[in-house]
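Observations on the three-dimensional arrangement
The residues making up each chain are set out below.
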Amino acid sequence: MATLVWDYSREYESERKDILDAVETVFSSGRLVLGPSVSSFEAEFADYHGVAHCVGVDNGTNAIRLALQALGVGRGDEVVTVSNTAAPTVLAIDAVGATPVFVDVDPDTYLMDVTQVESVITPRTKALLPVHLYGQCVDMEPLRALARRHGLLVLEDCAQAHGARHHGRVAGSMGDAAAFSFYPTKVLGAYGDGGATITNDPVVDANLRRHRYYGMEKTYYVVETPGHNCRLDEVQAEILRRKLVRLDDYVAARQAVAARYAEALSDTDLVLPTTAPGNTHVHYVYVVRHPRRDDILERLKAHDIHLNISYPWPVHTMTGFAHLGYAEGSLPVTERVAGEIFSLPMYPSLPQDTQEHVVDALKQVLATL
């Protein structure tokens with residue numbers, strides 16, 4: 001059987017009874033859209049993060065898009081973020097009519113280099129959008145101080161950081177709002193698409209709820225402001241409720257997998273993940289780095305090991321964002337890293353013998369370079 005970076009089958013077998021019971025609970029409830037499972041999950045997810053409000057939506061992209069709209073970000077505004085991220089981060093900025101502005105990343109963590117942010121702030125800058133990438137948090141203290149100094153909003157992209165902590169604070173609790181994805185591969189993953197935005201601001205919460213439901217507030221037929229249809233599905237919400245109570249266990253299992261990789265690969269010339277000071281890393285993906293990345297990936301296929309790159313094309317180099325005017329070399333660390341990083345298999349139920357097979361094959365390949 002081929003070895004992939006993610007496989008849910010073993011987890012499903014161990015949780016199958018609970019997952020199917022979640023489905024049955026919804027189907028027998030008589031409420032299939034915005035019912036008790038969504039409202040209960042919203043309350044429980046908000047409580048996990050120590051915030052007042054959570055609004056469930058249909059995917060992580062819309063979690064960011066609706067958050068930006070709810071915060072009042074729109075046409076003519078600029079949002080500072082990074083190019084080393086999944087394209088949906090930037091697509092959401094574009095979708096509200098704002099302009100993404102990129103800063104480079106730290107060469108060790110591959111996270112937003114906060115020291116560069118102030119240099120790109122202009123009178124049009126409305127928000128900062130740090131991406132808590134790969135399972136750990138951006139350095140939020142100086143970023144929040146910068147936001148306060150310039151009167152800017154902070155929206156955290158937590159799609160890859162469920163349960164991650166920064167100096168004891170959980171990812172998503174440090175900005176004006178935070179967006180999450182529940183895509184199946186995530187640390188907290190649904191069995192389909194899903195997302196959520198959390199906030200302590202009751203006005204932002206009300207805006208989010210209106211935007212996700214056509215722009216309607218009290219009466220189905222009355223649109224208060226033009227909105228969208230971005231509702232979290234009842235079935236996915238109920239499944240997420242069951243999985244939320246196991247989130248810390250998932251994190252611990254991922255950390256154990258990461259620790260085994262770190263020990264087994266410490267004697268190789270791979271650049272292994274670095275955890276920034278004050279961070280608790282949840283290892284959504286286990287990203288390593290090597291200048292001969294493409295050769296390594298090709299040779300691993302002979303061992304039936306097929307790995308991913310997160311991400312091979314920085315957003316600013318994509319044709320769809322050529323209009324932003326970023327020339328080659330404008331984000332040198334991001335561009336260099338994109339040519340060298342790749343991800344090893346990482347999920348809580350990864351069998352130890354499968355992990356050992358990956359390590360052994362990887363060492364064999366590295367010895368032939």
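Scroll up to find the structure this text is about.
Residues numbered from 1 in each chain as written. Predicted model: local features only at pLDDT ≥ 70, side-chain atom pairs only at ≥ 80, totals over all residues. Heavy atoms only, no water.

1. Here's the deal with the overall build of the protein chain
- Counting its secondary structure elements, the protein chain contains 11 helices and 12 strands.
- For a compact globule of 369 residues, the expected C-alpha radius of gyration is about 21 Å, and the protein chain comes in at 21 Å, within 12% of that figure.
- Principal axes of the C-alpha set define a box for the protein chain whose edges measure 65 × 55 × 35 Å.
- Here the protein chain holds 369 residues, and 55% of them are scored as buried.
- Relative to all contacts within the protein chain whose residues are 6 or more apart in sequence, the contacts with residues 24 or more apart total 70%.
- Per element, the accessible surface of the protein chain, about 15,500 Å² overall, is 51% carbon and sulfur.
- Taken together, the 32 basic and 47 acidic charged side chains of the protein chain have centroids lying 4 Å from each other. (Helix = DSSP H or I, 4+ residues; strand = E, 2+ residues; numbered from the N terminus. Rg over C-alpha atoms; globule rule 2.2 N^0.38 Å. Buried < 20%, exposed > 50% of the residue type's maximum accessible area, 1.4 Å probe, protein only. Contact = heavy atoms within 4.5 Å. Areas by Shrake-Rupley, 256 points an atom, 1.4 Å probe, with all protein chains shown as cover. Lys, Arg positive; Asp, Glu negative; His and termini not counted. Charge placed at Lys NZ, Arg CZ, Asp CG, Glu CD.)

2. Side note on the side chain of Asp-157
- Examined against the element boundaries, Asp-157 turns out to sit in strand E5 (residues 153-157).
- Lacking a salt bridge, the buried Asp-157 has Lys-186 as its closest oppositely charged neighbour, with an N-O distance of 7.3 Å.
- A polar atom in the side chain of Asp-157 sits 3.1 Å from the backbone nitrogen of Ala-159.
- Those residues within four positions of Asp-157 in sequence are excluded, and the remaining contacts are Ile-64, Thr-85, Thr-89, Leu-129, Pro-130, Val-131, His-132 and Ala-179. (Salt bridge = Lys/Arg side-chain N within 4 Å of Asp/Glu carboxyl O. Polar contact = N/O pair within 3.5 Å; in protein donor to acceptor, adjacent residues only side chain to side chain.)

3. Brief notes about the nonpolar core
- In this structure, Phe-45, Val-73, Val-117 and Phe-182 are the most contacted members of the largest nonpolar core, which totals 82 residues.
- At 6 residues, the largest contribution of residues to this core is made by helix H3 (residues 60-70).
- Non-local contacts of Val-73, meaning those with residues more than four positions away in its chain, are made with Leu-68, Val-79, Val-96, Ala-98, Lys-126, Ala-127 and Leu-153.
- Membership of the second largest hydrophobic core comes to 25 residues, among which are Ala-258, Leu-300, Leu-350 and Ala-361. (Core = buried A, V, L, I, M, F, W, Y, C linked by side-chain atoms within 4.5 Å.)

4. As for the packing of H3 against helix H6 (residues 202-212)
- With their axes 9 Å apart at the nearest point, H3 and H6 run at an angle of 125 degrees to one another. In terms of orientation, H3 lies oblique with respect to H6. Classified by chirality, the crossing of H6 by H3 is right-handed. Judged by residue contacts, Leu-66, Ala-67, Gln-69 and Ala-70 of H3 engage Val-204, Asn-207, Leu-208, His-211 and Arg-212 from H6.
- The residue inventory of the contact of H3 with H6, partitioned by class, reads 5 nonpolar, 3 polar and 1 charged. (Axes fitted to C-alpha atoms, helices over the stretch in contact; angles between N-to-C directions. Parallel < 35°, antiparallel > 145°, perpendicular 65-115°, else oblique. Left-handed = near helix turned anticlockwise from the far one by under 90°. Nonpolar A, V, L, I, M, F, W, Y, C, P; charged D, E, K, R; others polar.)

5. Some points on the pairing of strand E11 (residues 286-289)
- The alternating pattern of E11 places Tyr-286 and Val-288 on one face and Val-287 and Arg-289 on the opposite face, and all of these are buried.
- As paired strands, E11 and strand E12 (residues 341-344) are joined by 4 bridges and run antiparallel to one another. The partner of Val-288 across the bridge, within E12, is Phe-342. (Pairing = 2+ DSSP bridges.)

6. Section: the pairing of E5
- Buried residues dominate E5, accounting for 5 of its 5 residues.
- Side chains of E5 alternate between two faces, with Leu-153, Leu-155 and Asp-157 and Val-154 and Glu-156 buried alike.
- Here strand E4 (residues 125-128) runs beside E5; their pairing, made up of 2 bridges, is parallel. Among the inter-strand pairings, Ala-127 is bridged to a residue of E5, identified as Leu-153.

7. Observations concerning empty space enclosed by the protein
- Considering all chains together, one arrives at 1 cavity of 30 Å³ or more under this definition.
- When its volume is computed, the largest cavity comes out at roughly 80 Å³.
- As for the largest cavity, its lining consists of Asp-108, Thr-109, Tyr-110, Leu-133, Tyr-134, Gln-136, Pro-273, Thr-274, His-281, Val-285 and Val-287.
- In terms of residue class, the lining of the largest cavity is built from 6 nonpolar, 4 polar and 1 charged. (1 Å grid on protein atoms, 1.4 Å probe; cavity = no way out; pocket = protein on both sides within 12 Å on 5 of 7 lines; lining within 4 Å. Points joined across faces, edges and corners; volume = space filled by probe spheres on them.)

8. What to know about the sheet that holds strand E1 (residues 53-57)
- Read from one edge to the other, the open sheet built from 7 strands follows the order E1-E9-E8-E5-E4-E2-E3, with strand pairing classed as mixed. Taken across any chain shown, the strands that pair with only one partner, and hence form the sheet edges, are E1 and strand E3 (99-103). Strand-to-strand, the axes of this sheet are offset by a mean angle of 25 degrees, without reference to chain direction.
- As defined by bridge partners, strand E2 (residues 78-82) adjoins E3 across 5 bridges and the pair is classed as parallel. Note that in E3 the partner of Thr-81 across the bridge is Phe-102.

9. What about the packing of aromatic side chains?
- One pass over the structure, following the stated rule, counts 12 aromatic pairs.
- Their ring planes at 85 degrees and their centres at 5.4 Å tell us that Phe-45 and Phe-182 sit as a pair that is edge-to-face. Pair noted here: Phe-45 is in helix H2 (residues 36-49) and Phe-182 is in the loop between strand E8 (177-181) and strand E9 (195-199), with a separation of 137 residues, a long-range link. Per residue, the accessibility class of Phe-45 equals that of Phe-182, and both read buried.
- Taken together, the aromatic side chains of Trp-6, Tyr-8, Tyr-12 and Tyr-191 make up a single cluster linked through ring pairs. (Phe/Tyr/Trp six-rings, centres within 6.5 Å; stacked < 30°, edge-to-face > 60°.)

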